[in-house]
Structure formats: C-alpha cells, structure tokens
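Examination of the molecular architecture
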Amino acid sequence: MFSRSRPLLRLLAEIPADVAVVKRAFHATPSRAKAQLLDGKRISREILTELRNEIDAWHAIGRKKPHLSVVLVGNNPASLSYVGNKLKAAKSAGITSETIRLPESISQSDLLSLLESLNTNRNVDGILVQFPLPPHISERAVCDTVSPQKDVDGFHVESMGHLCQGKEGFYPCTPLGIMELLKRSGVDTFGKNAVVCGRSKNVGMPTAMLMHADGCGDATTTICHRHTPNKQMRAFVGLADILITAVGQPGLITADMVRDGVVVVDVGITRRFDSAKNAFVLKGDVDFEGIYHSQTNQQTGKRTPSH
C-alpha cells in the first residue's frame, strides 16, 4: 500500500466529520493581545492538498489509488451525513471509495462475514464501519474483526495497543485530528496542564494518551468524566492551559470555569432541534460565545477575533 512512515488513510481520517466541530476551538494568550480562533477548515484544506499531491505522485509511478470501503448499517440521519462528508473528503484527496449499505436487521454474524471478505479483498486498502450500530450488534466485535492493516478508524485492539506503546499504526481520527490542529496552529503542549473531559474509548481516552505521550504532547494530563464531582471538575478545568471536551453535553463548560489564555478544543457533538431555525443543529460541550467574549474583554483590552 502506501508509505508506512506516513500512512495515507490514517491522515485521511483526520479530515471528515471532525473538522467542522474542531473549528469552534480558540486560542487566547495574554502575550498575543487578542483571542485567536483556530482555523480547522484551513488546516483541513492544507491536509487534503498534501494528500492529493502524495496520491498523485503515487499513482504517477503506476500504482493504484487507495480504496476506502465504508460500511453503513441502517438509516441513521447523522450517520448518513457523516458518511457523505467522509466520501467527499476521500474524493477531494483522490481516494476511491464505496458505501456498502446494509439493513438495520442484518445479523452480527452476517456483518462480520462481510468484514472478513473485505479484509481479504486486495482491492480494498481501508475499511470504515460507521457507528452507532443497532443494539443487537457488538461494536467491539466489529472493531476487532476489521484487519489492523485496514483499520483506518484505529479502533481495533491492536491499533489501540500501538497507540499506547507509541508505535506506528492507525490512530483514532478525532484524537489525531486534535493533535494535528494544535500542532499546525502553533500551540505548545510541552509541559502544559491539559484537561480532557470525556473518557470514551474512541475519543477521550486516546486523546489523553496522545496529550501526555513522550515525544507527542508531553503535557501533564488529567481526565474528567461523568462521575467526576462538579466541584473537582471545576477545579481541574480552572487549572488547564489546554482544555479538550468530548462529552456530548451542551453547556458543560462555561466562561466562569476557565482561566484567561486557555486553549479550548471542543469536539463534543449533540444534535438538537433549533425551533428558531426550524432545523437540527450541532451543539458542542462549550459555551463558545460566552467563553470567547470573556476572553476578548479582559483588562488588557478589547481583543479582536482573528479568523
């Protein structure tokens, strides 16, 4: 497949659904004299361009373009939207793709058999199963059936082991996207206090692992979760230089909880109906407007947003 030093589909996984959420993050430091929005859309375009150039060079020497197979079970509206974004990103990068649509009633054994066939299909370079799955199907069984060599979601137990050991491999896309966002935005994580709100196996836990890993984030990392007492969570959040939220609870973090100069990355996502807009909207965990305006009106002077 592609260069193991920079796995192509691993980088692709940084792009799809998460960029639209990460763009709400901002970085404000007293030394900059103004709050600054982290521009996830610009970084997404940069990565897509880099991937496209790399794939074109790969294809120009006679090798086939990478192919991504996306498995979608049922008709969940949010899943349909996410899959559409992922296929759009793949096309922009020059990656061929397909969506395998399956009924919600499919048995677990039939789904696993399909994944086994994709594992052995030499034309398929990456496999992505869109979650959530129907309740009668075990997500862990699905994750561990996908070949680690094609596991672009990074959810296989072997992929998680590579993450914990700092070995080369496919890492979960949202944590990897967060680290890429911070790195390309010039946010220094070395020795900083980082707080991760959320401990899910797909986002919170691997994000915390990357933030504290030697040679990666090198931050002192604290994890808060639903059983962290509110008083303690407020104390931890108040000490954070870098705050990452991945809970799915709108309004979890408010302006009075964070310090001046904090870096906030909100990847929490909740779909709610907005009666004023008469449409469903996506909400993060952070009171973005409240925190942003608080950070731009400190005694050091009015800080103008930078897009």
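Use the structure listed above.
First things first, this report covers the structure right here in the doc. No experiment lies behind these values; they were computed from the predicted model shown.

Brief notes about the environment of Lys-283
Relative to the helices and strands, Lys-283 resides in strand S11 (residues 279-283). Expressed as a C-alpha distance, the spacing of Lys-283 and Asp-266, which sit 17 residues apart in the sequence, is 9.8 Å.

Some details on unusual backbone geometry
Of note, the bond from Phe-131 into Pro-132 is cis; its omega dihedral lies within 30 degrees of zero at 5°. If you trace the backbone, Pro-132 turns up in the loop between strand S5 (126-129) and helix H6 (139-145). For Asp-218, which is not glycine, the phi dihedral falls at a positive 55°. Within the secondary structure layout, Asp-218 lies in the loop between helix H9 (204-212) and strand S7 (220-224). Even without being a glycine, Asn-278 presents a positive backbone phi close to 55°. Within the element layout of this structure, Asn-278 appears in the loop between strand S10 (270-274) and S11. Residue Asn-278 is classed as exposed on the basis of its relative accessible area of 59%.

Digging into the pairing of S11
Bridging between S10 and S11 involves 5 bridges; their strand directions are antiparallel. The residue bridging Arg-272 from the neighbouring strand is Val-281, located in S11. Between S10 and S11, which pair antiparallel and follow one another directly, the connecting turn spans 4 residues, one of which, Asn-278, has a positive phi of 55°.

What counts, and where the lines are drawn
Residues numbered from 1 in each chain as written. Predicted model: local features only at pLDDT ≥ 70, side-chain atom pairs only at ≥ 80, totals over all residues. Heavy atoms only, no water. Helix = DSSP H or I, 4+ residues; strand = E, 2+ residues; numbered from the N terminus. Buried < 20%, exposed > 50% of the residue type's maximum accessible area, 1.4 Å probe, protein only. Pairing = 2+ DSSP bridges.

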